[in-house]
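One-letter residues, chain by chain:
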Amino acid sequence: MSGEPEELKAAAVVRSRLDGRQPSVAVVLGSGLGSLAERITDAARIHYSTIPGFPPPGVAGHKGELVCGGLAGKMVIAQSGRFHLYEGHGAESAALPIRVFAELGVERVILTNAAGGIRRTFSKGALMLIADQINLSFRNPVWGPVRQGEERFPDMSDPFDYGLRAVARQVARGRGIPLEEGVYAGVLGPSYETPAEIRMLHALGADAVGMSTVSEAIAARAAGLRCLGISTITNMAAGLSGERLTHDEVIATAERVRLALAGLIEGIVGAGLERSG
């Protein structure tokens, strides 16, 4: 398998560990959100150390395993631990799990992240449905030779599927979960933004900012996967609250809202994503 693309080698190893499980939905878990994986039943757990091309996660709140099993009556695969660009990984590495999911036959992916709130009406712990994104990482996972099964010029006019967003809003209303909606700006990191940079992002139309997701969404669209994104607003961005920004605050806030987010995702999966859009 030495001449095969990394995603094919990784997918072959993952498939061999699934014992016939066929996931239709993938969920990427952001900082502090890994507890959702504990809701998955009859789970196969595959540590990154056993998967070709998967580096160990280097950020607190990212566990480092794929978990495949039942959730809300559907077969899902959860990615507990991201590969961030700021750790020195390229955009193709950040997008590798998405490409593996596509090889496994997954059709829909739910991306979650922890983000800083730019919109002044947000409060810490708010959940924001991502309607659109701004890629300010200046990296693109489809740069270079075209991969088999991917588009050369993926259409990003609807990066976060309108039909899936409608399902998410319906579930949130039914469960009494407040759900905002807005634009996510993805930056390279790892330093938090300056107040001047936050003013710039606000002027560009961003409602929240974080250090992930944008490469994954591009790769998902290039592979033809339908994509849904949800941000947990774990802190207010620099210059908006006067508080010092720390990763500990991000983890603490994500922990506080994890039950609401887990319930929202479980409801979305159980609502039958195949019927939307």
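Chemist: What is the right way to look at the pairing of strand β4 (residues 74–80) in this model?
Modeler: Among the seven residues in β4, five count as buried, and that is most of the element. Inspection of the sheet shows strand β3 (residues 65–71) paired to β4 by seven bridges, in the antiparallel sense. Note on β4: the bridge partner recorded for Glu65 is Ser80. Counted between consecutive antiparallel strands, the loop separating β3 from β4 contains two residues, among which Ala72 sits at a positive phi close to 55°.

Chemist: Help me understand the side chain of Glu65 in this model?
Modeler: Along the chain, the position of Glu65 falls in strand β3. Judged by relative accessible area, which is 9%, Glu65 ranks as buried. Of note is the side chain of Glu65, whose polar atom sits 2.7 Å from the side chain of Arg45. Once you skip the residues sitting within four places of it in the chain, Glu65 turns out to touch Arg45, Ile46, His47, Tyr48, Ala78, Gln79 and Ser80.

Chemist: Mind showing me how you'd approach the pattern of salt bridges here?
Modeler: Here the idea is simple: oppositely charged side chains can pair when their charged atoms come close. According to the stated counting rule, one finds 16 salt bridges in the structure shown. Its salt-bridge partner being Arg21, residue Asp19 comes within 3.8 Å of it at the nearest N-O pair. A relative accessible area of 65% means that Asp19 is categorised as exposed. A salt bridge links Glu216 to Arg82; the nearest nitrogen and oxygen atoms lie 2.9 Å apart. Taken together, the residues span a long stretch of sequence, with Glu216 in helix α6 (residues 214–222) and Arg82 in the loop between β4 and α2 (91–94) at a distance of 134 residues. Residues Glu216 and Arg82 agree in their burial class; the two are buried. Overlapping salt bridges bring together Asp158, Arg165, Arg169 and Glu181 as one network.

Chemist: Please explain the environment of Ala78 as it appears in this structure.
Modeler: Following the sequence through the fold, Ala78 ends up in strand β4. Between the C-alpha atom of Ala78 and that of Ile40, which follows or precedes it by 38 residues, the distance is 8.7 Å.

Chemist: Would you mind showing me how to read the environment of Ser49 here?
Modeler: With respect to the helices, strands and loops of the structure, Ser49 is situated in the loop between β2 (41–47) and β3. It is 32 Å that separates the C-alpha atoms of Ser49 and Ile134, two residues lying 85 residues apart in sequence.

Chemist: Could you clarify how one ought to interpret helix α1 (residues 6–17) in this entry?
Modeler: A turn of α-helix holds 3.6 residues, and therefore any two residues three or four places apart point the same way. Compared with an ideal rise of 1.5 Å per residue, which puts twelve residues at 16 Å, α1 spans 17 Å between its outermost C-alpha atoms and is within 8% of the ideal. All buried positions along α1 are accounted for by Glu7, Lys9, Ala10, Ala11 and Val14. Buried residues along α1 sit in contact with β2, β3, β4 and α3 (96–103). The first or second residue beyond α1 is Asp19, which carries a positive phi of 50°.

Chemist: Before we go on, may I ask you to explain unusual backbone geometry in this structure?
Modeler: Backbone phi values are negative for most residues with the exception of glycine, while trans is the configuration of most peptide bonds. For the bond running from Gly189 to Pro190, omega is 5°, close enough to zero to count as cis. Note on placement: Pro190 falls in the loop between β7 (180–187) and α5 (195–204). A positive phi angle, near 45°, is found at Asp42, a position not held by glycine. With respect to the element layout, Asp42 can be found in strand β2.

Thresholds, definitions, all that
Residues numbered from 1 in each chain as written. Predicted model: local features only at pLDDT ≥ 70, side-chain atom pairs only at ≥ 80, totals over all residues. Heavy atoms only, no water. Buried < 20%, exposed > 50% of the residue type's maximum accessible area, 1.4 Å probe, protein only. Helix = DSSP H or I, 4+ residues; strand = E, 2+ residues; numbered from the N terminus. Pairing = 2+ DSSP bridges. Polar contact = N/O pair within 3.5 Å; in protein donor to acceptor, adjacent residues only side chain to side chain. Contact = heavy atoms within 4.5 Å. Salt bridge = Lys/Arg side-chain N within 4 Å of Asp/Glu carboxyl O. Expected span 1.5 Å × (residues − 1).

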